[in-house]
Amino acid sequence: MNGNSRFVCEADEDKFREECGVFGFLDTSEQSTDASLMTYYGLFALQHRGQESCGIAFSNGEQVEFKKDMGLVSEVFSRNALDQMVSFAAIGHVRYSTKGDSKRINAQPISVNYKLGTIAVAHNGTLVNAEVVRELLEDGGVVFQTDSDSEVILNLIARSAKRGFQTAVKEAMQAVKGSYAIVMLTENSLIGARDPYGIRPLCLGKKGDAYLLSSESCAFDSVGAEYIRDVKPGEIVMITKEGIQSIHEVEQTITSTCAFEYIYFARPDSKMDGIDIYKARERAGEILANKHPVEADVVTGVPDSGIPSAVGYSRASGIPYEIGLVKNKYIGRTFIAPTQELREHSVHVKMNALKANVQGKRIVLIDDSIVRGTTSKRLITLLKEAGAKEVHLRISSPQVQYPCYFGIDTPYRSDLMASHNSIEQMKQLIGADSLEFLSTDELIESLGGANRFCIGCFSGVYPLSTPVGI
Ligand code: SF4
């Protein structure tokens, strides 16, 4: 590796990655001006869903403007810039790219000017028929500005705007297939739409006279708003100064919300489709303890998402919970490694074992998932180097054996450790003294027992057909 290169810390590489977070705000009161500021705080709370680029589109009632760039929310927006973004309505986006390159032009929100004005969109998800629709639009003379499949939605709306804006939005949503949680902004309205399977999350909040939309409810807490409900799968909501209305609902939907949102992506202080994320992770740990007990001295969790399940495992097993691994909070997603030798020690920079708690102990280590297996191996080595006598790894999800096609960045199938290794082989490869996973039924039990989740990356059975050729 080049001495000055930036690289993604392996602990982060060895996870599925959420693609994006979206947020929207519209104040129905007179004299409202701080929608951009509210959106900025909302995006801060959603930063874990994407760190490559971010942006806000905002309206003062007469025109839609933008500010977006590569970088974190704290890097892209200054106090000065926000002071000038006077608005009553705004949408925002944080992005980690899967479709479309990581470059400024693909940062969202993106917009088109059309017959009735300007429309901006921020999208979380992946359209599985984007290529086909794009080709049809190009054949009809549309020129695309970005590689992003979200631009397909904008052009579909612009093309049929002559039939009225609401009709155009409904038709566009019916034409695209895949996963989407979308917020859109025009000069005078905020629109939220969720795909008919509800694969990606979107919820609705209220603060005084203002309505909010967000990928996760934790963003409502950050601006003092209250969570009202989730946007239903297949529903389109439209918010204007006159209030909120549901302009479209699909009667019969087979809800298939991404199970990984509950396992890893979402913040533990969020609530999604009526389920508290923290509580779901705790329940997964309790089930693991009941199904896969082991004699041990200490239970510990891999920070951050393994901790709630470790608390659940400890409670159900009666084995005390201790902090065994300490995460460096001040490290970004990438950092500079000056030499190859230091690169090999990078795992110590990101995470270190707490010797006082693990030395001479039999440890139950809880993590949320195994993707490539590299992190599990390194963490077990860390704990053993710190003096742990045994490390029993318990995973609060089933084996990840298949890629995701719905907005999550996943490695090739051949790189997924569980796709070509038995549990016994994985145990040997990562150096654990024992290794156990939740089954898919147990995962669903941890989520309340109803079969309304996508578990495609565990089972290979997806809620809708996957794109050809991927
Ligand atoms: S395949 Fe996996 S990561 Fe993708 S939407 Fe389904 S559960 Fe989520």
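All residue numbers refer to position in the chain's written sequence, counted from 1. Under the rules for a predicted model, residues below a pLDDT of 70 receive no local features and side-chain atom pairs below 80 are neither given nor counted, while totals for whole chains, interfaces and linings still include all residues. Here the side-chain values reflect all heavy atoms present in the structure, with hydrogen atoms and water set aside.

Visitor: Kindly report on the overall build of the protein chain, identifying the contributing residues and their values.
Guide: In this text, helices come from DSSP runs of H or I with a minimum length of four residues, and strands from runs of E with a minimum of two, each type numbered from the N-terminal end. Each helix and strand in the protein chain was counted, giving 18 helices and 27 strands. Against the globule reference of 23 Å for 470 residues, the protein chain gives a C-alpha radius of gyration of 23 Å, in line with a compact fold. Buried residues are those whose accessible area, probed at 1.4 Å on protein chains only, stays under 20% of the maximum for their type, while exposed residues exceed 50% and partly exposed ones sit between those limits. Residue burial in the protein chain is summarised as follows: out of 470 residues, 57% are buried. Summed over its atoms, the accessible surface of the protein chain is roughly 19000 Å², and 47% of this surface lies on carbon and sulfur atoms. Distance between charge centroids for the protein chain: 1 Å, based on 49 positive and 59 negative side chains. Put simply, the radius of gyration uses C-alpha atoms, and a globule should come to 2.2 Å times the residue count raised to 0.38. Under the convention used here, a 1.4 Å probe and the Shrake-Rupley method define accessible areas, while residue burial counts only the protein chains that appear. Asp and Glu count as negative and Lys and Arg as positive, but His and the ends of the chain are not part of the count. Where a charge lies is defined by one atom per residue type: Lys uses NZ, Arg uses CZ, Asp uses CG and Glu uses CD.

Visitor: Requested: an account of the site of the ligand, with residues and values cited.
Guide: Near the ligand, the surroundings consist of Ile-199, Arg-200, Cys-258, Ala-259, Phe-260, Cys-404, Ile-408, Cys-454, Gly-456, Cys-457 and Tyr-462. For each structure, a 1 Å grid was placed over the protein atoms alone; sets of points admitting a 1.4 Å probe that cannot get out are labelled cavities, open sets with protein on both sides within 12 Å along at least five of seven lines are labelled pockets, and lining residues have an atom within 4 Å of a point. The way we define it, a molecule is inside a pocket or cavity when more than half of its atoms are within 2 Å of that pocket's grid points. Here the ligand is seated within the largest cavity. At the level of secondary structure, the elements contributing two or more residues to the shell around the ligand comprise helix H9 (259–265) and helix H18 (456–459). The residue classification treats Ala, Val, Leu, Ile, Met, Phe, Trp, Tyr, Cys and Pro as nonpolar and Asp, Glu, Lys and Arg as charged. All others, Gly included, are polar. Broken down by class, the residue content of the shell around the ligand amounts to nine nonpolar, one polar and one charged. Residues are classed as near a molecule or strand on a simple rule: at least one heavy atom within 4 Å of it.

Visitor: Report on unusual backbone geometry, specifying residues and quantitative values.
Guide: Of the consecutive residues Gln-108 and Pro-109, the connecting peptide bond is found in the cis state with omega at 5°. Topologically, Pro-109 is positioned in the loop between strand S6 (89–95) and strand S7 (110–114). The step from Pro-303 to Asp-304 runs through a cis peptide bond, and the omega angle for that step is -5°. On the secondary structure map, Asp-304 appears in the loop between strand S19 (298–301) and helix H11 (307–317). The residue Asp-273 is not glycine, and still its phi comes out positive at about 45°.

Visitor: Provide a residue-level description of the packing of helix H10 (residues 277–291) against H11, including the pertinent values.
Guide: Angles run from 0 to 180 degrees between N-to-C directions of axes, and those axes are lines fitted to C-alpha atoms, restricted for helices to the stretch in contact. For the pair H10 and H11, the least separation of the axes is 6 Å and the interaxial angle reads 45°. Judged by the inter-axis angle, H10 sits oblique to H11. As H10 packs across H11, the resulting crossing turns out to be right-handed. Across the interface between the two elements, Tyr-278, Arg-281, Glu-282, Ala-284, Gly-285, Glu-286, Leu-288, Ala-289 and Asn-290 of H10 pack against Pro-308, Ser-309, Val-311, Gly-312, Tyr-313, Arg-315, Ala-316 and Ser-317 of H11. Residues that form the contact of H10 with H11 fall into these classes: eight nonpolar, five polar and four charged. Throughout, the term roughly parallel applies to angles under 35 degrees, roughly antiparallel to angles over 145, roughly perpendicular to angles from 65 to 115, and oblique to all others. Crossings are sorted by hand: turned counterclockwise from the far helix by less than a right angle, the near helix makes the crossing left-handed, and turned clockwise it makes it right-handed. Any two residues whose heavy atoms approach within 4.5 Å are treated as being in contact.

Visitor: Hey, could you go over the confidence of the model for the protein chain for me, with residue numbers and the actual values?
Guide: Looking at the protein chain as a whole, its pLDDT mean stands at 89, while 91% of the residues score no less than 70. Counted against residues more than four places away or in other chains, residues 1–11, with its pLDDT under 50, gives 28 contacts. Scored from 0 to 100, pLDDT reflects the predictor's confidence in each residue.

Visitor: Describe the sheet that holds strand S8 (residues 117–127), listing the residues and the values that go with them.
Guide: Pairing is antiparallel across the open sheet formed by six strands, whose spatial order is S7-S8-S9-S10-S14-S15. Across the chains shown, the open sheet's two edge strands, defined by having one partner strand only, are S7 and strand S15 (243–248). Between one strand axis and the next, the sheet turns by 20° as a mean value, whatever way the strands run. One ladder, built from five bridges, connects strand S14 (residues 236–240) with S15; its direction is antiparallel. Within S15, the residue paired with Thr-240 across the bridge is Gly-243. Only strands joined by at least two bridges in the DSSP assignment are considered to pair.

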